[in-house]
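# Reading the structure
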Amino acid sequence: MKRRNFIQLSTITGVGLSLSGSSFLYSCGIGKNEFHSSEYRTLVFNLLKDWCDGMIKTQIIKPSDPKVHGLFDCPACEHLHARVMDAVYPFFYMARATGDKKYLEAGIAAFQWGKNVTRDDGAWTNELDPKSWDGTTVFAAIALAETLKYHGSLLDESTRKRWYKRLESATEFVFNRFPVVGNANINYSATTIYALNLIGKQLNQPKYLKRSKELVEQIKSHFTEPNGLLFGEIQGKNKKKLSPKGLTGIDLGYNIEESLNNLVLYALEEKDEELLETLKKSLDAHLEFILPDGGIDNSFGNRMFKWTYWGSRTSDGMQPAFSFMANYNPALGTASFKNTELLRQCTHDGLLHGGPHYVSHGIKPCVHHTFAHAKPLAFLLDNWEHLPKIDKSTQIPRAIADGETYFEELDVSLFGKGDWRGTISAYDSTYSIRKEVRQGTGGALTILHHSKLGLLCTSSLAVYNILESYNIQPQPGADFALTPRLETFKDEDWYTNLFDLEATFTSNDDRNIIEYTAHTQLKNEAKEVVSETASDFTLNYICTAEKIEIVATTNQNIKKETSFVLPIVSPSGEKVEQLSENEIRIEKPNGIVKVSSGSPIKIKEMPKSRTFNMVPGVEAVPIIATFESGKRQVEISIEVI
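All of these numbers come straight from a predicted model, not from anything done at the bench.

Analysis parameters
- Residues numbered from 1 in each chain as written.
- Predicted model: local features only at pLDDT ≥ 70, side-chain atom pairs only at ≥ 80, totals over all residues.
- Heavy atoms only, no water.
- Pairing = 2+ DSSP bridges.
- Helix = DSSP H or I, 4+ residues; strand = E, 2+ residues; numbered from the N terminus.
- Axes fitted to C-alpha atoms, helices over the stretch in contact; angles between N-to-C directions.
- Buried < 20%, exposed > 50% of the residue type's maximum accessible area, 1.4 Å probe, protein only.
- Salt bridge = Lys/Arg side-chain N within 4 Å of Asp/Glu carboxyl O.

### Topic: the sheet that holds strand β23 (residues 633–640)
- Reading across from one edge, β12-β13-β14-β15-β23-β19-β18-β17 is the order of the eight strands in this open sheet, with antiparallel pairing throughout. Unpaired on one side and paired on the other, β12 (504–509) and β17 (576–580) mark the two borders of the sheet. The average undirected angle you get between the axes of adjacent strands in this sheet is 15 degrees.

Right, here's the structure in full:
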């Protein structure tokens, strides 16, 4: 949408406001009551308030034009984001908490704009086109239900009745749209379970409660063995479809930020002990992928086209499930706390940015990230007395890891030694049958994290294909993958191990050293093996407390220029120095990254000082080590000095 001049109004008429300006005396706010876990609560409250203020700055207030009144004018996107109903609940929470009528006015305006995407069958569509995706109605219905449940008294009786009527039609649509688990991605099934339970009780509709229980029984077969990872994030009718390796469709971002939230809230409400036991196991498994700084390692997830370092772009956030279950495992609370801190770090001018380096690279934020992630924070605050104690005293598994943890459901391994944390992926379940989107795979090192310096290496999409054009920002500048990789070019066709879904790896976890050996081939996007040059390679990753070594080897003759590409995550402003043809150093706030090789290494020439990829929203220095003539091996070492 093009920027436009807004008409700011000091009051809104005819919408049944119950607040009278600033006279509301913080009945649910921070000025009057004492709360447990005060540090965490202050973080959550202040972040939510910042987001609400940021969204208000972008909101169009123009009652004379109902086509735009209440809509958010996204700083980053030319198209509109139709899911503004998600913002109603956080605005209403903040209205009650602060007594400031501007939040109530913003929430009512957002609700009013929803008429533009309302269909006769009760759906809110994801775009203005009435034939566009309608499944997101379930999220809007939850937002409206929680608004009315906790803050409906802020509306006069006639307005409240109209809103309940709208909730009834939306829920009936959801009831008909998702009758069984698996007729859409698993996140919709999980969310429908909670929605029908929540709204069934509000509307006193036994059929919704009955359906919710039926769906719970069905979804229990969507947890993997042995680790209990939730699966079913895959296009097509068969949500249990297996890849050639026999793996199911799993996306950690959607699981952590949406599906597990809704299942936990249902299980706690219904005191479903069987489901709670399943969820405890599942949450513990997903917890393994939370990085020490609160980042979510979805470097291999098959919907990672929406991955940003803190989570997934249009889902809710991890806070409800991880916070409410922290009485079972306090490390879940630590993870939620740290992830919220990361959200805070990625928030600028009131809007959540889609990665740590948006500002340093001059990327504008998409407002969708903010209004989607605001909802769960409002829910936490409305239910604070039901939360267990949340602090950071219990370390998360990735922070204290020493050794290897292999997930056979993913063909992914996590490792830790000294300050190093990493991920190796050969996961082969791809999401789209229409337009393949390639996550981190091919025996690649998809995450390298250092406890003192933070994220050093990450995967991205091999090719930045925009699968959901209304939910994903375009890639700025050249599309350059961030995943460390082998590559060559033949007739301008790109061949890399990132396209090899048949790659395998083994590991050896010794007391002082962890070593991985991956066997892979260089393939193009059509999965064709390169010819007339070396195609078969071995990748060795050796981790000790002192350093990471990467050794790429082939037994074949290399007849075309072949290189190992190692992008090192680094925001603009960090000093980069090439000390010799074999050594490059990058100065970070808490140390220096030293990259060295027995072969000549160089930094790829770029228009800017850094390359940037929207997945997961970071800048990097792309270092390239090319196989020398007549040699069949390249060795690279990464140290922190």
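### Concerning the pairing of strand β10 (residues 485–490)
- Within β10, five of the six residues are buried, leaving the element largely enclosed by the surrounding structure.
- In this structure, β10 lies alongside strand β16 (residues 562–569), joined through four bridges in antiparallel fashion. Bridging across to β16, T488 finds its partner in T562.
- Looking at chain direction, β10 and strand β11 (residues 493–496) are connected through four bridges and run antiparallel.

### Examining the pattern of salt bridges
- One pass over the structure, following the stated rule, counts 37 salt bridges.
- In this structure, K201 engages E269 in a salt bridge whose closest nitrogen and oxygen atoms are separated by 2.8 Å. Of this pair, K201 sits in helix α6 (residues 186–203) while E269 sits in helix α8 (residues 252–270), placing them 68 residues apart in sequence.
- Look at K201 and you get partly exposed, because its relative accessible area is 40%.
- Residue class for E269 comes out partly exposed when judged on its relative accessible area of 40%.
- Here K201 and E270 are joined by a salt bridge, their closest N and O atoms 2.6 Å apart. One end of the pair, K201, is in helix α6; the other, E270, is in helix α8, and 69 residues separate them in sequence.
- A residue is classified by how much of its surface remains accessible, and E270, at 24% relative accessible area, is partly exposed.
- Connected through shared salt-bridge partners, R83, D86, D316 and K375 make up one network.

### Considering unusual backbone geometry
- The omega torsion of the bond from E225 to P226 falls at 5 degrees, within 30 degrees of zero and hence cis.
- In this structure, P226 sits in the loop between α7 (206–219) and α8.
- In the segment running from V615 into P616, the intervening peptide bond is cis, with an omega of 0 degrees.
- The phi dihedral of E492 is positive, around 65 degrees, even though this residue is not glycine.
- By secondary structure assignment, the location of E492 is in the loop between β10 and β11.
- Under the relative-accessibility criterion, E492 is labelled exposed at 80%.
- In this model, E532 sits at a positive phi of 65 degrees, which is unusual for a non-glycine residue.
- As for its placement among the helices and strands, E532 is situated in the loop between β13 (514–521) and β14 (536–543).
- The class of E532 is exposed, set by a relative accessible area of 59%.

On their own, these measurements won't tell you what the molecule is for.
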